[in-house]
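Coordinate analysis (summary)
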Amino acid sequence: MADERDFEGINNRVKIHEVCKVPPFSDDSAATTKTTTTAAAAFATLSLTYFDTYWIRFGSWDGLLFYEIRGITWDSFSKVVLPKLKLSLSLTLLHYLPLAGHLMWPPHAEKPAVCYSFPHNYSKNDGVSVTVAESNADFDLLAGNGIRKAVDFYPLVPQLSTSDDKAEVITIQITLFPNHGFSICISINHAVLDGTSFMLFMKSWAYLCKQLDLHQQNKAPSLPERLTPCFDRTLIKDPGGIDLVYVKHNMAFAGLDPNTRNLKPNPVDPKVADTNNLVRRTFELSSEDLNKLKHKLLLAKEQHQSKSKQLHLSSYVLTCAHVYACMVKAITEDANTTVVFSFNADCRSRLDPPLPVNYFGNCVSAAVCVVAKASDFLQGNGIDFVEKLSDSIKGLRGDAIVGSEDKIVRKYEMLKQMGEQSIVLRISGSHRFDVYRPDFGWGKPKKVEPVSIDRSGAICLVENKDGGGVEVAVVSEKKKWRFFLLSSLMA
């Protein structure tokens, strides 16, 4: 039975048509996931490494993808599109069994683990929760780059169920926009997987959806090796037990006893808690724009006192330098204001030995914090900040990326010391995620929105649709937005 879900003050009324569980496919002829230990096993667990426990209580990461199908009706959506999405999701979960389970923290356990069932032992509660909805919102507005109210996206986002000792790993909402298209939003538990693993799953789901027309319905298509996840936790070495150290520090930072078992997310940063006052916009930097920024920075470097220093001028560094210079200009004119910039980096290729590219879980470095002054961004085309960021990225190897108690202690000490006079800049995402690649058979996404940056205050980088440039998703208070826009246009 359809249900109305309306958010006060939001221009997006959503009708809920269905909430169901989609379990992994249970055909004996189908391929089985590599997490299976024995054919007779009924249940299994996937342990968390220190790369995972670092993100306990972080909350969900919400990725929203818009797909355009002009003229689509509820009838064609419910009879053609939706059945394909559900069946291919079920087939995909057979290869990603932990996603159909739960993050559990039993009373006797020092840390949580993902618990899941094998196909022959499913119950009615096994599987991924899928909400099917219909929206009257302006599809073209939401799937565009212009200024939009942040709260208008919330009705499209499913809620990740979390209690003290149990949490969903992922949850999905599929929303129809009649005559325009549909959206897929996936909320993921960051303690289980990172952005790279999220995109591996999305590419696998899209691949199998497109394969349905090429295979008989009673025979499950298999995944190619490049999309088959690797769940081998023995690849992450942790002789010092840093996984448990991170657990205790995460509890302590939340004001809880270090021995507490609590999976609920930390409260939202008070500086971004009032989401009703937030707007978002996407900026695009083409490859030509990035080359111009690089040329400006190289000229600034020639006039700088450390002009002999080798800079790491990647698309990532160039984008951060430009966007954060604009943001600092929008926030302050005081050159002495302290600015803290934090970022994470994928470590799969940086570990020794490196991990497989299809390793599934978390494998991003602890937040790297760079302390600067506003003057580093405002003067000399931001060359001082670029040098600090470049040095930080070049240093991401060896002991700099493996887990240690010192890293999480320094992180929380810095967060506690940040006062109202400081600017904290965070970044998420990557322009190497291929977020515009998942094609379920109706074309690639028209737009991808990282909704959860509303809660963190971060900006998010992804590659643009053409693959040669970068999209930058930014959320800002309304009163600061006009100045940020002006600064961006003037830069």
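Residues numbered from 1 in each chain as written. Predicted model: local features only at pLDDT ≥ 70, side-chain atom pairs only at ≥ 80, totals over all residues. Heavy atoms only, no water.

**Observations concerning the sheet that holds strand β9 (residues 166-168)**
One open sheet accounts for 4 strands, arranged β3-β6-β5-β9; its pairing is antiparallel. The outermost strands of the open sheet, each flanked by one partner alone, are β3 (43-47) and β9. Pairwise comparison of adjacent strand axes, ignoring direction, gives a mean angle of 30° for this sheet. Relative to strand β6 (residues 113-117), β3 runs antiparallel, the two sharing 5 bridges. The partner of L46 across the bridge, within β6, is V114. (Pairing = 2+ DSSP bridges. Helix = DSSP H or I, 4+ residues; strand = E, 2+ residues; numbered from the N terminus. Axes fitted to C-alpha atoms, helices over the stretch in contact; angles between N-to-C directions.)

**Digging into the packing of helix α6 (residues 287-302) against helix α7 (residues 315-331)**
The N-to-C vectors of α6 and α7 enclose an angle of 80°; their axes lie 10 Å apart at closest approach. Taken as axis vectors, α6 and α7 run roughly perpendicular relative to one another. For the pair α6 and α7, contact is made by L290, L293, K294 and L297 and by S315, L318, T319 and H322, respectively. For the contact of α6 with α7, the per-class residue count stands at 4 nonpolar, 3 polar and 1 charged. (Parallel < 35°, antiparallel > 145°, perpendicular 65-115°, else oblique. Contact = heavy atoms within 4.5 Å. Nonpolar A, V, L, I, M, F, W, Y, C, P; charged D, E, K, R; others polar.)

**Quick look at the nonpolar core**
In this structure, I170, I172, I184, I186, F201 and W205 are the most contacted members of the largest nonpolar core, which totals 90 residues. The element contributing the most residues to this core is helix α4 (residues 195-211), with 9 residues. Dropping the residues within four chain positions of it, W205 is found in contact with L85, S88, L89, T92, I172, I184, I186 and F440. One finds F51, I236, C320 and I459 within the second-largest nonpolar core, a separate group that totals 63 residues. (Core = buried A, V, L, I, M, F, W, Y, C linked by side-chain atoms within 4.5 Å. Buried < 20%, exposed > 50% of the residue type's maximum accessible area, 1.4 Å probe, protein only.)

**A short note on the sheet that holds strand β13 (residues 338-343)**
The 7 strands are arranged β8-β12-β18-β17-β15-β13-β14 in an open sheet whose pairing can be described as mixed. Edge positions in the sheet fall to β8 (148-149) and β14 (368-373), since each has one partner strand and no second. Bridge count between strand β12 (residues 278-285) and strand β18 (residues 470-477): 8 bridges; the pairing is antiparallel. Bridge assignment links E284 to a residue of β18, and that residue is E471. The strands touched by α6 are β12 and β18; relative to β12, the strand with the most contacts, the crossing angle is about 85°. Set on the sheet, α7 makes contact with β12, β13, β15 (423-430), β17 (459-463) and β18; between it and β15 the angle comes to about 145°.

**A word on the side chain of D62**
With respect to the element layout, D62 can be found in strand β4 (residues 60-68). Here D62 falls in the buried class, since its relative accessible area comes to 3%. For D62, the side chain forms a polar contact with the side chain of S60, separated by 3.0 Å. A polar contact is formed between the side chain of D62 and the side chain of R455, at a distance of 3.1 Å. When near neighbours in sequence (up to four residues on either side) are disregarded, D62 contacts V157, C185, I186, S187, E449, P450, V451, S452 and R455. (Polar contact = N/O pair within 3.5 Å; in protein donor to acceptor, adjacent residues only side chain to side chain.)

**Regarding the packing of aromatic side chains**
Tallying each qualifying case throughout the model produces 24 aromatic pairs. Ring geometry for F231 and F360: centres 5.3 Å apart, planes at 50°, overall tilted. Taken as a pair, F231 in the loop between α4 and α5 (242-253) and F360 in the loop between β13 and β14 lie far apart in primary sequence, 129 residues in all. In this pair, the class of F231 matches that of F360, namely buried. Put simply, the rings of Y67, W74, F77, Y96, F182, F201, W205, F231, F360, F440 and W442 pair up and form one aromatic cluster. In this structure, R280 packs its charged tip against the face of F153, placed 5.3 Å from the ring centre. (Phe/Tyr/Trp six-rings, centres within 6.5 Å; stacked < 30°, edge-to-face > 60°. Lys NZ or Arg CZ within 6 Å of the ring centre and 35° of its normal.)

**A closer look at the confidence of the model for the protein**
Summary statistics for the protein give a mean pLDDT of 86 and a share of 87% for residues scoring 70 or more. Confidence drops under a pLDDT of 50 for residues 29-40, and excluding neighbours within four residues, the segment shows 23 contacts in the predicted structure. (pLDDT = per-residue confidence, 0-100.)

**Let's talk about the environment of P356**
Looking at the element boundaries, P356 is found in the loop between β13 and β14. Note: C-alpha distance between P356 and C230 (126 residues apart in sequence) is 7.5 Å. Discounting residues that sit within four places of it in the chain, P356 has contacts with C230, L235 and R348.

**Points about the pairing of β4**
The element β4 is largely enclosed, with a buried count of 7 among its 9 residues. Where β4 meets strand β11 (residues 181-189), 9 bridges bridge the pair, whose relative direction is antiparallel. Residue pairing for β11: F66 is matched across the bridge by S183.

**Points about the pattern of salt bridges**
Pairing between side chains becomes possible if they bear opposite charge and their charged atoms approach one another. In the structure shown here, the tally under the stated rule is 19 salt bridges. For K210, the salt bridge is made with D439, and the minimal N-O distance between the two is 3.5 Å. Residue K210 is found in helix α4, and its partner D439 is found in the loop between β15 and β16 (447-450); the two are separated by 229 residues along the sequence. Under the relative-accessibility criterion, D439 is labelled buried at 17%. Among the salt bridges present, the one from E449 reaches R280, with a minimum N-O distance of 3.0 Å. Of the two residues, E449 is situated in strand β16 and R280 in strand β12; the sequence distance between them amounts to 169 residues. No difference in accessibility class separates E449 from R280, as the two residues are buried. (Salt bridge = Lys/Arg side-chain N within 4 Å of Asp/Glu carboxyl O.)

**Looking at the pairing of β12**
In terms of residue burial, β12 counts as a mostly covered element, since 6 of its 8 residues are buried. Here 2 bridges tie β8 to β12, and the two strands are oriented antiparallel to one another. Bridge pairing in β12 places R148 opposite R280.

**Concerning α7**
Between its first and last C-alpha, α7 extends 24 Å over 17 residues, near the 24 Å set by a 1.5 Å rise per residue. In terms of burial, α7 is a largely internal element, 14 of the 17 residues being buried. (Expected span 1.5 Å × (residues − 1).)

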